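Working through the structure, step by step
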Amino acid sequence: MAPDREGGRERTASGATAAGRPRVRLDQPRPPRRRLLPEWDPEAFGRLSERIARFLGTGRFIVWMTVAIIVWVLWNIFAPTDLRFDEYPFIFLTLMLSLQASYAAPLILLAQNRQDDRDRVNLEQDRKQNERSIADTEYLTREIAALRIGLGEVATRDWIRSELQDVLKELDGHRPDGHAVFPAERSHRRDTDDR
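For every chain, the first residue of the written sequence is number 1, and numbering continues from 1 onward in sequence order. Reporting in this predicted model follows two pLDDT cut-offs: at least 70 for local features of residues, and 80 or more for side-chain atom pairs to be given and counted; totals over whole chains, interfaces and linings ignore these cut-offs and use all residues. Side-chain descriptors were evaluated using all non-hydrogen atoms of the structure, hydrogens and water having been removed beforehand.

Comments concerning the overall build of the chain
Threshold: Put simply, DSSP marks the helices as runs of H or I at least four residues long and the strands as runs of E at least two long, and each gets a number from the N terminus on. Burial classes follow relative accessibility: with a 1.4 Å probe on protein chains only, a residue under 20% of its type's maximum area counts as buried, one over 50% as exposed, and anything between as partly exposed. When checking whether two residues touch, look at their non-hydrogen atoms; a contact exists if any pair is within 4.5 Å. Here the open area of atoms and residues is found with the Shrake-Rupley method and a 1.4 Å probe, where only the protein chains shown may cover a residue.
Within the chain, the secondary structure is distributed over five helices and two strands. Mapped from its N terminus to its C terminus, the chain presents α and β elements in the order β-β-α-α-α-α-α. Relative to its 195 residues, the chain shows a buried fraction of 9%. For the chain, contacts bridging at least 24 residues in sequence account for 42% of all contacts bridging at least 6. Element-wise, carbon and sulfur atoms account for 60% of the exposed surface of the chain, whose accessible area totals about 17,900 Å².

In structure tokens:
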């Protein structure tokens, strides 16, 4: 470690860190470490597992698997003896089906886990959207109630029309001699006119 010069004095590291370990600089990235295991993109692997799981869940896969097994069995029963590669108990076929199942199960589980994660995110977004919709609906309800209260204090066209009709009725009810007809007199006149 190089000595520092500070104010004319030399300063050297002391203590446990002075014993030859190089000082790590925090302002620079570390050099990449060599890995023993290969690296892969988990997102690309997840997409591949979903595609495989989707294919394994189709009728096309079942048909192709059935055709392959039938061809395998028929070949190993009816082909010439020296061309058969899996004799009657079909041990190699069993091994291949077990191998296929041992890879298919984890791939299907991985695809299901990714789908669960997507569903969880979608449900959370739907929940937030529902909360916003409820808040908007409550706000609009309060605004409509305030408008109704405000309109109750405003003279509407229908109210003015009914008031004018009442005034016209009162004007029509005046006597020719200039005296007003009171409502009690009007009802009395109607009763006598009906007789």
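Read on for the rest.
A short note on the packing of aromatic side chains
Selection criterion: Two aromatic rings, drawn from Phe, Tyr or Trp (for Trp, its six-membered ring), form a pair once their centres lie within 6.5 Å of each other, and the interplanar angle then sorts them: stacked below 30 degrees, edge-to-face above 60, tilted otherwise.
Evaluation of the coordinates by the stated rule reveals four aromatic pairs. Each ring, one from Trp-72 and one from Phe-85, has its centre 5.0 Å from the other, and the planes form 75°; the classification is edge-to-face. Here Trp-72 is found in helix 2 (residues 59-78), whereas its partner Phe-85 is found in the loop between helix 2 and helix 3 (91-152), with 13 residues between them in sequence. Judged by relative accessible area, Trp-72 falls into the buried class, the value being 17%. Through a chain of ring-to-ring contacts, three or more aromatic side chains come together here, namely Trp-72, Phe-85 and Phe-92.

Examining unusual backbone geometry
Phi is positive for Phe-90, which is not a glycine, with a value near 55°. Its location among the elements puts Phe-90 in the loop between helix 2 and helix 3.

Quick word on the pattern of salt bridges
Stated formally: Salt bridges are counted wherever a side-chain nitrogen of Lys or Arg sits within 4 Å of a carboxyl oxygen of Asp or Glu.
Inspection of the entire model under this criterion finds ten salt bridges. Across the pair Arg-114 and Glu-43 runs a salt bridge whose closest N-O atoms are separated by 3.1 Å. Residue Arg-114 is found in helix 3, and its partner Glu-43 is found in helix 1 (residues 42-56); the two are separated by 71 residues along the sequence. The exposure class of Arg-114 is buried, given its relative accessible area of 16%. In this structure, the salt-bridge partner of Arg-127 is Glu-124, at a minimum N-O distance of 2.4 Å. Placement of both Arg-127 and Glu-124 in helix 3 is noted, with a separation of three residues, approximately one turn of the helix. According to the relative accessible area criterion, Arg-127 is partly exposed, its value standing at 38%. Residues participating in the shared-partner salt-bridge network are Glu-43, Glu-50, Arg-114 and Arg-118.

Considerations on the side chain of Ser-49
Rule in force here: Whenever two N or O atoms come within 3.5 Å, that pair is a polar contact, provided that in protein one can donate a hydrogen and the other can accept it, and provided that, for residues adjacent in sequence, both atoms are side-chain atoms.
Along the chain, Ser-49 falls in helix 1. Among the polar contacts made by the side chain of Ser-49, one reaches the main-chain carbonyl oxygen of Gly-46 at a distance of 2.7 Å.

Points about helix 2
This is how it is decided: Expected helix span is given by 1.5 Å per residue-to-residue step, counting one fewer step than there are residues. Each C-beta atom gives one direction from the helix axis, and the arc is the one those directions make.
Over its 20 residues, helix 2 runs 28 Å from end to end, which matches the ideal 28 Å to within 8%, given 1.5 Å per residue. Along helix 2, the residues classified as buried are Phe-61, Trp-72 and Asn-76. Buried residues of helix 2, seen end-on, are gathered within an arc of 20° and therefore sit on one face of the element. Of the exposed residues in helix 2, the ones pointing more than 90 degrees away from its buried face are Arg-60, Ile-62, Val-63, Val-71 and Phe-78. Of the surrounding secondary structure, the elements contacted by the buried residues of helix 2 are helix 1 and helix 3.

Describing the side chain of Asn-76
Mapped onto the fold, Asn-76 is located in helix 2. Contacts of Asn-76, omitting those with residues within four sequence positions, involve Arg-84, Phe-85, Asp-86 and Phe-90.

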